[in-house]
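Here is what each chain is made of, one letter per residue.
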Amino acid sequence: MAWSCFSCTASIPPQPRVNFRPSSQKCLQDVRNMVTSLGIHSIRSSPVDSLRNGNWVKLICGASFEDVVDIRNLSLVYTLAGVDCIDCAADESVVNAVNQGIKAARDIVEVGRPWVMISVNDDEDLHFRKAEFDPADCPQDCSRPCEIVCPANAISLEEEKSSAGHLWNNNEEGKKQGGVLTERCYGCGRCIPVCPYDKIRVHTYVRDAAATSELLRREEIDALEIHTSGRQTLHFRSLWEGLGDTIHHLRLVAVSFPDVGDSTISTMNAMYSIMEPRLRCFNLWQLDGRPMSGDIGRGATRESVAFAVRLAAASDRPRGFLQLAGGTNAHTVAGLKKHGLFQTKSVSENFKDGQSMVGSLGPLDAPIGGIAYGGYARKVVGRILSAMQSQHGLTCIEESPDYLFKALAEALALVGTVKCYDVPS
Ligand code: SF4
Ligand code: SF4
C-alpha cells in the first residue's frame, strides 16, 4: 500500500506514492483504511500515556496564526494522523476552528480526541507579534522580497488599479496595495531583514489574562501553555496569579521558554515553585530551541535537540515532562536517537489487545515526553491546502478526499517518525 513507506527509522518523510482515483468515495475510504491499518483508530491511550511513553506529538498551529480555515483543516488532518494535542492561539474563533476540525476528523474515522491547548505570553515574546507596513509607501521598483520570503503566504501585494480597472499611468504607476494578511502572520520576522527600504515594523502584544481566564472556562480547552522569556519570574507570577481558579479543570500546563544558559534550571525551579501550590494537573516544559524555524531545514533542529540533551541530564530540574519545540522537523527524531533520548515503542508494543501497556511507567520514565511540530507541520500540509483552495476554492478538506488523502500522507510521515506506526504487511 502507498503508506508502507512510513517507517520509524525514516529521517526524511518520503513523498507519498499515491495513485489517485476519480471516485471521491473511494478516496475517503482510502483515508479510513490508512488510519485503520496503522492502528491509529484503535488506540485507547490518553495523551498522558504518550508523554510517559515518549511518543507525544503536538501540532502547533501558532500562537499568533489565526487563519481559521487553515486551522480547521490542519486540525482535521493531524487529528487523523494521531497527534495528542493541538496548540493554538488564545482566541475564541481559533479554538472553535480547532474543535470543528477535530470533530470533522472523528466523523470520518473514530480516532482519539487530541487535547486542545491555548498559548499565552507573560510579556513580549517573538511568538506574539505581527508584521505590518503600508504598501502605499513601498517604492514602485521594489521586487517584493518580503512576499517571497514569507513562509505563511501572509504578504499579498499587487499593483493598484484605477477605478476603471486599469493600471495607473501617471505618477501613481506601480503603487502597491494589499500588505500583511494579519490573520496569517505568525510573527516569524523573516520579512523584516529582507526589505531593502526598511518599511516593515512589528507590533507585539500580550494576551490579556482576563480574556484568557474567560476562554479557559470553556470545557473544550484541555491545556494551557505560557510562553516566557526564561529570564525572570515577575511577569510569570503575575500571569499565573491572574488566571485564578480557571486553571483548575486543565489536564496540562506547559511552560515554553528558550535556553538561557546557566540560569535555565534555577528559573525553571522558580517558576515551578510559583505554580506548584495551585497546580492540580500534569506539567510540561517546552524547550524552545530555535523558535519558529523548523521549516528552514535539517540544521534548524540542532538547538532543540541540544537543549533537550542538557535538560534531560539535569538532576536538579523540577518535575514535569520535557518536550522539544522550536526548529523541530523530520530530522528531530534522528537527532534524539543519536543521544539515546528517543526510546519510544511501536504502536503494537504499547497496545496489546487494545489495552495500554504503559500503566506501570512513572511520569519521568521516558527521558523526553515528545515533540511539538509547528512551521514544518504547517508547511508540509499547508502546500496541499493551498493547492486545493487554488483548484477548487474549497474551505473544508474532506470535501476533496483526494487532497485529504495527500495531506494525511504528509502528516503521517511526520507524526509517524515519533509514533512509529506499524507498517501493514
Ligand atoms: S513576520 Fe513572518 S509570517 Fe509575518 S508577514 Fe513577515 S515573514 Fe510573513
Ligand atoms: S520588501 Fe519592503 S519595500 Fe518592498 S514591497 Fe516589501 S515591504 Fe515594500
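Now for a look at the structure at hand.

Each value, and the rule that gives it
Residues numbered from 1 in each chain as written. Chains lettered and ligands numbered in written order. Predicted model: local features only at pLDDT ≥ 70, side-chain atom pairs only at ≥ 80, totals over all residues. Heavy atoms only, no water. Pairing = 2+ DSSP bridges. Helix = DSSP H or I, 4+ residues; strand = E, 2+ residues; numbered from the N terminus. Axes fitted to C-alpha atoms, helices over the stretch in contact; angles between N-to-C directions. Contact = heavy atoms within 4.5 Å. Polar contact = N/O pair within 3.5 Å; in protein donor to acceptor, adjacent residues only side chain to side chain. Buried < 20%, exposed > 50% of the residue type's maximum accessible area, 1.4 Å probe, protein only. Right-handed = clockwise from strand over helix to strand, strands pointing away. Near = heavy atom within 4 Å. 1 Å grid on protein atoms, 1.4 Å probe; cavity = no way out; pocket = protein on both sides within 12 Å on 5 of 7 lines; lining within 4 Å. Sits in = over half its atoms within 2 Å of the grid points. Nonpolar A, V, L, I, M, F, W, Y, C, P; charged D, E, K, R; others polar. Salt bridge = Lys/Arg side-chain N within 4 Å of Asp/Glu carboxyl O.

With that settled, the discussion passes to the sheet that holds strand 14 (residues 370-373). The sheet built from 8 strands closes into a barrel, its strands ordered 1-2-3-8-9-10-11-14 with parallel pairing. Along the sheet, successive strands turn relative to each other by an average axial angle of 25°, direction set aside. As judged from the 6 bridges shared by strand 9 (residues 252-257) and strand 10 (residues 282-288), these two strands associate in the parallel manner. Paired with Ala254 across the strands is Leu284, a residue of strand 10. Sheet strands in contact with helix 8 (residues 234-242) are strand 3 (115-121), strand 8 (223-227) and strand 9, and its direction is about 155° off that of strand 8.

Mapped onto the fold, Asp67 is located in the loop between strand 1 (56-60) and helix 3 (68-80). In terms of polar contacts, Asp67 uses its side chain to reach the backbone amide nitrogen of Val69, at 3.1 Å.

Extensive coverage of strand 10 is indicated by the burial of 6 of its 7 residues. In terms of handedness, the path from strand 9 via helix 9 (residues 264-275) over to strand 10 forms a crossover that is right-handed. Bridging between strand 10 and strand 11 (residues 321-325) involves 5 bridges; their strand directions are parallel. For Leu287, the partnering residue across the bridge sits in strand 11 and is Leu324. Crossover strand 10 to strand 11 through helix 10 (residues 302-312) is right-handed.

Taken together, Ala131, Cys150, Pro151, Ala154, Ile155, Cys185, Tyr186, Gly187, Cys188, Gly189 and Cys191 make up the full set of residues adjacent to ligand 1. With respect to the detected pockets, ligand 1 is housed in the second largest cavity. Here the residues of the shell around ligand 1 sort into 9 nonpolar, 2 polar and no charged.

We now examine the pattern of salt bridges. Throughout the structure, instances matching the rule amount to 21 salt bridges. The closest approach of N and O atoms between Glu225 and Lys58, which form a salt bridge, is 2.8 Å. With a gap of 167 residues between them, Glu225 in strand 8 and Lys58 in strand 1 connect regions that are remote in the sequence. For the pair Glu225 and Lys58, a shared accessibility class is recorded, and that class is buried. Its salt-bridge partner being Arg72, residue Glu398 comes within 2.6 Å of it at the nearest N-O pair. Residue Glu398 is found in the loop between helix 13 (375-392) and helix 14 (401-419), and its partner Arg72 is found in helix 3; the two are separated by 326 residues along the sequence. One connected set of salt bridges, linked through shared partners, spans Lys58, Asp87 and Glu225.

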